[in-house]
Structures are given as C-alpha cells and as structure tokens.
Amino acid sequence: MERHSAVVRGPDSGVPLVFVHGFGCDKSMWEPVASEFPDHRVVLVDLVGFGDSDPDAFDARKYARLEGHADDMIELITSLELESPVFIGHSVASMIGVLVAKAEPQLLGGLVLVGPSPLYIDTGDYRGGFSRETIDGLLNSVDDDFAAWSNAIAPMIVANPDRPEFAERLADSFCRSDPQAARLLARVTFLSDNRADLAHVKVPTLIVQCRQDVIAPEEVGAYVHQQIAHSELVHLAASGHCPHLTAPQETASAIRRFLA
Amino acid sequence: MTSSLDADVDLAGTVPAAIMVTDLEGKVLAANDELRRWFGATEVVEPRAFLDRLAPSSRIYYESVITPSLCLGGEVPDANLDMELEAGLRHTLWAARCLGDDTACWAGLDITGRVLQQRQAATTERRLARLQRLSSGLLLARSAPAIGDALLAELVDGVKADRGFMALALASGELEVVARHELGGDATSVGPVVGDPVVGAAVEMQTAVFRTVELDGGSGDRSEWEQVAAIPLVGDGILGIIGLRLGRSAEYSREEQQLLIAAADITSASLARTMLHERLETVARRDASLSAVLHAMEAETSVRARAQRLADLLVPDHGELVVVDLDEVSPELAGLRHLDRSKEDDIRRLHRHLIGRGTGRRTPRPGNVADRPVDHRVPTPEGLSAAGVDAQAVDAIMNLGLRSVARVPLVARNRRIGQLTLASASAERDSSGLEEFHRRLADGAALSLDNARLYEHEQSIAQQLQAVLLPEHLPGDARYALAHFYEAATDVGRVGGDWYDAFTLGEDRLALTVGDVVGGGVTAARTMGRLRTAILAFAQDGRGVDATLASLDRFAAGIADAFAASVLYAEVDLVSMTIEYGCAGHLPPVLVAPGAAPVLLDGGRNVLLGLLQGREPSVATSGLPAGSSVVMYTDGLIERPGTTITASIDDLVRLLADERDLARRPHLLAQRFASAQWSDDTCILCFTRSPASPT
C-alpha cells in the first residue's frame, strides 16, 4: 500500500479496477481515465522508483526483472483483498499484468492491456518495431545523455489555468522518477522478451490498440491478441501510444464495454 | 509607445523558429514557414510530419514523457528532440503549451550547433578527466607492467575498445607484451598481435596508425569489421607500442584518437621516467654485484677453481649460462655453470659450436688488445648454420632458449687470457650500460684470474726448485739405513725452505744434515739450495763437524736470506759407530736405542746460523748402539696449536718410547705425530744402525 502510495477510492460495489502506469510517469497518468469510473472501486499505484513510491523500497536487483514489479502487484492486490479485480496496465505495465495473471491465475478477473508489446526488437519473423541498434542507441542515450531525459523525468510543476484540478493534486507528484529506477526500467522494458508468457494468460483480456503507435505497432497488438486465448482486440480512433491521456473518454468507453 | 509592435509584422512567418499547432496526439494542424522549411514541405504539412521525423529514441521520449506532460501538465517547458530533417539529423529544442481545446502550440529551435558544441565540450571534459586519472594512475605505477595496466584500464574503457596490449621494445628490437587488457575477461587473445602489420607500420613511422580490417568471413559490406589502432610510445627512440582493437563494427572518433595519442604521450613520459629509475637501480645493483663477485673469487686460489667460482657466482643474476674460457686451460672449460645443471654436459659438448672458434688448444692472440669488442648477439638458426654449426647442434642450441649472448674477452696485464660468455634466456629491455658492465666485470675477473695464474706459477716454480734441490737418493750400505719424509706445506702461500741431505765422506764416514730457512717461496728454496751446496763443499775436506759449522756460519752471515736459518749437522763414524753433531739453533735429534729410553741428543747447542761471530761452535758426540736410530726433524713436525715446543718435543720422545718402530719409519711417524695439516714444511731424516752390523 504505502510502498506504492496507492490511492483507493470509490464504492465497494463495482468490479475493482487496478490502474498501473508505464515507463516515464506515475499514477497521475491514469487519472483522466480513472475519473470516468466513479461507480467502481479504483486503485491507482506508483511502481517502485516512480511517483510517491517508497524510495527505500528500490532494489536494483529485484527490479532488474519485470517479475519484481509483478510480485509487488500481487502483494498489493492480495493485501487490499480485492475480489477478482481487472488489472489495467499501460505499455510495460501491461506486461506486468500478464506476469501477474501467469503467476496467480486465480487472482485477477480480467486484464486490460493498453499499448502492449512483449518484445520491442525485431527477432526472426517477429516484428517488434525496432532494430537492435535502435534499442541500443536508445539505451545508450538514456545512459550517456541522461540530461535530456532527466529534465523531463524530473518533477514538473503543473501550471495550467484551464485544468486547475490537476494542478493542485499533482503539484508534488507529477511524473516523478528516480533516475536510477527510470534507467533500469527503460533497460528492462526494452530488452525483455515476454512473448512466451502471453499463452499463460487465462483470464478475459482486452487489448487496446491505437493507430500509428510507434512504440507498439498494430501488428504487435495483433500478435498479442493471437497469443492470448480469451482476448479481444479493440482499435481506437486515437493515435499514438498514450490513448488514456490523449483520448481518455474513448479509452474509458472501451474498458467499460469490456467490463460489461 | 506601441508603434513598433503595431507594425504589420507576421511574427509566425518571419521569426527564425519553427512554430506549429498540434492536437494532443502530436498531429500537426498548422505550421509556419520555418517548420515547412525544416520538413522540406512547400505548402501543406502532413499531420504526422512531426512524429514521423522524430528519431526513434525521441519518439519513445515523446510518448513516455512529452505526451504525459502535455496532457496532464498542460505544457512542455523544455524538450530536446532529435529529428530527421531535410538538413539531416538535427537537434531541436521545443516548448509547448496547451491551448485549452485539446490543441497545443509549439515553438522549436534548431540547436544542433549548440548541442554539438556542448557534446564536444563534454567529450573534452571527459577526455581531460580520463587523462587526469591516467596521469595520477601512472604516478603510482612503479614498473612498466604496472604502467601498462593503468594505461589499458583507462584506455580500453575510455574508447570502448574490446581489447588492447602494451608492448615494450627490447634491446634486440623485438617487442615484448608487458600488459594486456580485455573487456569481458577472456584474455586468450590480445587483439592486434605484436606481429600485426599495423603495429609494424606504427613503429616504423613513429606515428599512430588507425586501420579498419575486414574480419574473416565478412561479407564485404563492412558488417563484420574491426578497427585496429597502434600507437607508438616514443621517447628516446621507440619505447614500445599500445595496440587496441575496437570490435562491434565501430570506428574511433577523432576525439578518441586524440585521447589515445595524448594518453600515449603521458605514458611515454612515465615510461621514460621509470626506465631511468630502473637504469639507476641497475647501475647500483651491478656495482654491488661486481665487487661482491670479485671479492668472492678471491676465496679460491687456483685459476681453475677461481674460474668455476666466477661462473657459479654469475648464474643466475647475470645469465642462465656462464662460460669462462681460458686460453691456457683448453680444451677443457675453465668454468661453466647453467641454471639447469642437467644441461651442462650437453653444453660442454656444444661448446665448440656455441662459443669456441675451433678445437683443441687455442693460441692466445698476440697484441690487438685495444680492440676488445663485447659481442652481444642472439643466436639464430640461420646465423649458426651460416657459421658452420651442424643442424643437430643448432637444434640443441636453440633448445637452450638463449635469446642474448654476450661474449667478452678476458684481458689482464694487456694480454688476452680468455673469454667470458654470458647467455640469457630473457631478452634485455634496456641494454644501455650492460656492455660497460660486462667489460668491467671481465676486466676485474681477468685480473683476478691472472693473479691466480701468476701465483700458481710461482708456487709451481718454488716447488719444482725445492724438488730439484733435495737429494734424489740417499746413500746406504749394510751397516746402516736412511729413511726420510718430506712434505711441503699445504698452504701453497708458504712454500718453505726445509731441507735434508746425506752424503758419504769417504767409505766410513756419513754426513747428515737437516735445516730450515726462514721465509718461503722461490727465495727460500734458492737459499736452502745454496746452504745445502755449501755444507756439501765445506764438509768434503773432512774437517769435522765444528769446522764445517763454523764455515757455514760465516757463509750464512754474508747472505741476507740465509741469516737466522737453523741447521743440524752431524757426521757418523761408521767404524766406531759414534755420531758427532752440532745444532745451529736447530731442534735436538732423538736417539732411540734398544733396551734404553729414547734420549734427546741435546748437546752441541749453538746460536742460529750467521750469529757465531767468530766463536767456536760447540759439538757433541754420542755412541750408536746396534739397532739404534737417530731421528732428525724440522719444526713442522713439532709445531702444534696450543702446545709449546718443549712440551711437544717431550710428547715426541714419549711416542718414540712407546712405539720404537716409528724411529725407523718417518712416514708413519709424521702421520702419527704431526698435526692434521702441515701448515709448514715438515722434514724428517732417520738414521738407523743395522742390528747385525759389526762394531
């Protein structure tokens, strides 16, 4: 709970929804979508190393594998005594959700994968969207030229007069990352190969695919759909990798349809 | 007051910044002229133009950082994005703010120049930091391998090389690897090998060489290649070389090349300092070694033992194999020592090929002493074959693994006496001063060997002289028998002047004498000879013991070297069987007669020769019963450590009382009575009257 600075709200009645953020931000990322579900028990968490998570909990060895984060989520869901919650993960967190479902098949009621990719690097016939060199270059730039990244990863104070509701709440927590954790997660995210884990998912799964997502292209979404037996693939009109930010209502509608 | 701003200026069109409006997904809704120029678009900019132009890492950055910032925070204050534009890869800086209607307004600047400058500055800073660390690392390194390790640890990491080595130039011109470093720890290969043409080129041109090499099996499209760098370490000539190999189909950037060259410069200076330090230490060590060796040689007195000692002392500090050849001690080697003693016999067999110039006794080359080359050379199979060494011997020589051989002539008293050969299996890195050291070593050793030779020579002359001057055989007939024992001092430094003699004076008279000249060596031997001859001459006239002794005293007084000699002179009347005797400072003989206790014949006492000054010498007479013996001797028999001469004489008398037989058998007597080692000449003369002889 405290380790993940979890926010739990809403009534007991509806299906519990656990929202988990992806690389580069924190739980605030899910606010626009989560606020569309006032009739559900909603849980928003920060992965260790991000947002308001407990800085002392960071362990480079544990989080050198996505399973480290998956174990955290299992612990959290268990401790909150959520009944068959739906795990909603963005990007790398969608793979954390897959690992949770694989490790504890009875724990989740469903999975929502937004922009999932089990492997970013083109390998054999598989098209992940990136060459090995590109990923190497990316990781090098995160390692060597961290200044460019950290000026964005470092906390940004929101000052948007048009959206004062965020300004207040997110003032001290918006997209904050421990640089070391961010670097590690970047490495784990872009070098992990979770293709074999997909087949272990037995719960109903929604794959949310945007158009023109350069990070998780459509053929990757199709691959994930093909690998997970009880899965449904939804194409949004939104483009890019962050529909929950750029098209929160459309994203929320897709999730709502899936829950129904 | 607002006149200038009121002017009809199209800000979006003229400002040298890209301006655009996008939706929150990054689709371009409107763009200014500058942005159109960036994209190479004439009129309309495609909605995805912006996203599509982002470099992959910037795309990921956009999705994971910028989109959340824009959507949640409403603005992006500062974002660096790499873009593929018409002008190529450009570094751009953007700021954006949401307009409230799900659109955002962006302004971007091309900051490529500044970024490159910053990166350059950062690179320079990193390079300086690295060189600084290297410098301080090298300061702590006290040996060439330590310098190599410090250098490679910093370099291989600094230029992301896969592996590298540092090799130093040996005196022979070969390169010897002293340090190697490899990323990942697999140190089986060292990257560019010493024999690599790149390394050769760098050494020859004394300049850094960077070369791209296709890997075996490379398809030719440079997908599999490495860049090899060879940077010479230049000081007073080529000190060595650094070799690096950069795999992963990457190239050294100009900055990295500069870093390598700068690092090599620092290393060269450090290496030169260490080498100077080592050289000074070497000189001091050699000096100490030289005096220790020469001093230790003195413990041996013979030439051969001294030569062998020299060889023993020089292995292994000055070579694995040391051979001392002496021109006058051939064909056997005077001295030979190899670290592995089991190889010494082989080496003896190979000696002719390895060191000698021919077989058998070598004739010392006269003159030409000023021309004394120190011959440092490494035996090569070709060179040996060319010199006429047979194939089997070549193999054997090469099997010894000798890499440097120094042959230094041994010259003493302006004369060549032989040759010193020092062979080593390890090649010298720094041969400066070695030749000089070998010359000094050879000069000192040669003088020491020559001194031993001269000394041996003198001893040998003295011993020969002494042998010549002693009687070849003693007289004897049925009435009496004579027996003698003579042993020169074992300490060759003290060839004494003892003598004995016996000769007949007519048919019935026998002269006996035992004497001892002060001093030793050739001079003592000569003096003894003169005294013996004089006694022979003075006694011939039959003037008797007293007259002979008086003449001898006068004679000795006039010869410096004979002064204070001691002598016993006796004449036996073979008819009356009496002995008349006189002692000039000499020890009294012992009479051993059957049925009586042995007695000292202690009459006829006189001062040492040359001191009578005209006085009559005193003489004494004693009867010689049948079967009796007279034992005459010199002080070599009597002198024993810790005992006075008187006590020792008493001991002798007691021994002869117990074992009367010893009075006739001087060898046995000497063996029983003399101390273990003859520190002085020992001479015994025994006269024995036949038991059956008529009176």
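Residues numbered from 1 in each chain as written. Chains lettered and ligands numbered in written order. Predicted model: local features only at pLDDT ≥ 70, side-chain atom pairs only at ≥ 80, totals over all residues. Heavy atoms only, no water.

Engineer: Got a minute to help me understand the overall build of chain A in this structure?
Structural biologist: Scanning chain A for helices and strands turns up 11 helices and 7 strands. When each of the 260 residues of chain A is scored for burial, the buried share is 57%. For chain A, contacts bridging at least 24 residues in sequence account for 74% of all contacts bridging at least 6. (Helix = DSSP H or I, 4+ residues; strand = E, 2+ residues; numbered from the N terminus. Buried < 20%, exposed > 50% of the residue type's maximum accessible area, 1.4 Å probe, protein only. Contact = heavy atoms within 4.5 Å.)

Engineer: Is there a simple way to explain the nonpolar core in this structure?
Structural biologist: Side chains that are nonpolar tend, in soluble globular proteins, to be buried together. In this structure, A:Phe87, A:Val100 and A:Leu111 are the most contacted members of the largest nonpolar core, which totals 57 residues. Secondary structure elements with two or more residues in this core: strand 2 (17-20), strand 3 (42-45), helix 2 (66-79), helix 3 (92-103), strand 5 (110-114), helix 4 (132-144), helix 7 (179-191) and helix 9 (218-227) of chain A. In this view, A:Val100 contacts A:Ala70, A:Met73, A:Ile74, A:Phe87, A:Leu107 and A:Leu108; residues no more than four positions away in its chain are not counted. Residues B:Trp499, B:Tyr500, B:Val630 and B:Phe687 belong to the second largest nonpolar core, which totals 48 residues. (Core = buried A, V, L, I, M, F, W, Y, C linked by side-chain atoms within 4.5 Å.)

Engineer: Help me out: how do you make sense of the sheet that holds strand 4 (residues 88-98) of chain B in this one?
Structural biologist: Paired through their backbone hydrogen bonds, the strands of a sheet run either parallel or antiparallel. Residues and elements named next belong to chain B. Pairing within the open sheet is antiparallel, and its 5 strands lie in the order 2-1-5-4-3. The outermost strands of the open sheet, each flanked by one partner alone, are strand 2 (28-31) and strand 3 (75-85). Neighbouring strand axes in the sheet, compared pairwise and without regard to direction, differ in orientation by 30 degrees on average. As defined by bridge partners, strand 1 (residues 18-23) adjoins strand 5 (residues 103-110) across 6 bridges and the pair is classed as antiparallel. Bridge pairing in strand 5 links Ile-19 to Ala-107. The strands that helix 6 (residues 112-140) touches are strand 4 and strand 5; relative to strand 4, the one it contacts most, it runs at about 110 degrees. (Pairing = 2+ DSSP bridges. Axes fitted to C-alpha atoms, helices over the stretch in contact; angles between N-to-C directions.)

Engineer: Is there a simple way to explain the packing of aromatic side chains in this structure?
Structural biologist: Think of a pair of aromatic rings as described by two things: how far the centres are apart, and how the planes are tilted against each other in angle. Residues and elements named next belong to chain B. Across all of its chains, the model carries 16 aromatic pairs over all chains by this definition. Ring geometry for Tyr-62 versus Trp-106: centroids 6.3 Å apart, planes at 20 degrees, classification stacked. With a gap of 44 residues between them, Tyr-62 in helix 5 (residues 56-73) and Trp-106 in strand 5 connect regions that are remote in the sequence. Of the residues examined, Trp-106 reaches a relative accessible area of 1% and is grouped as buried. (Phe/Tyr/Trp six-rings, centres within 6.5 Å; stacked < 30°, edge-to-face > 60°.)

Engineer: Which parts of the structure should I look at to understand the state of the cysteines?
Structural biologist: Covalently bonding the sulfur atom of one cysteine to the sulfur atom of another cysteine gives a disulfide. What the rule picks out here adds up to 0 disulfides over all chains. B:Cys683 carries a free sulfur, and the closest cysteine sulfur to it, the one in B:Cys686, is 9.9 Å from it. (Disulfide = S-S within 2.5 Å.)

Engineer: What is the right way to read helix 16 (residues 545-557) of chain B from this model?
Structural biologist: An α-helical segment advances 3.6 residues per turn. Residues three or four places apart therefore align on the same side. Residues and elements named next belong to chain B. The first and last C-alpha atoms of helix 16 sit 18 Å apart over 13 residues, in line with the 18 Å expected at 1.5 Å per residue. Within helix 16, the full set of buried residues consists of Val-545, Thr-548, Leu-549, Ala-550, Ser-551, Leu-552, Asp-553 and Ala-556. Here the buried face of helix 16 lies against helix 15 (521-540), strand 19 (566-573), strand 20 (578-584) and strand 23 (605-606). (Expected span 1.5 Å × (residues − 1).)

Engineer: Help me out: how do you make sense of the pairing of strand 20 of chain B in this one?
Structural biologist: In regular strands, side chains alternate between the two faces of the sheet. All names here are of chain B. Summarising burial for strand 20: 5 of the 7 residues are buried, a large majority. Where strand 19 lies against strand 20, 7 bridges are found, and the strand directions are antiparallel. Paired with Val-567 across the bridge in strand 20 is Ala-584. As consecutive antiparallel partners, strand 19 and strand 20 are separated by 4 residues, and within that stretch Met-577 has a phi angle of approximately 50 degrees, a positive value. Strand direction decides the pairing type here: strand 20 and strand 24 (residues 620-623), joined by 4 bridges, are antiparallel. Bridge pairing in strand 24 links Tyr-581 to Ala-620. Alignment of strand 20 against strand 23, held across 2 bridges, turns out to be parallel.

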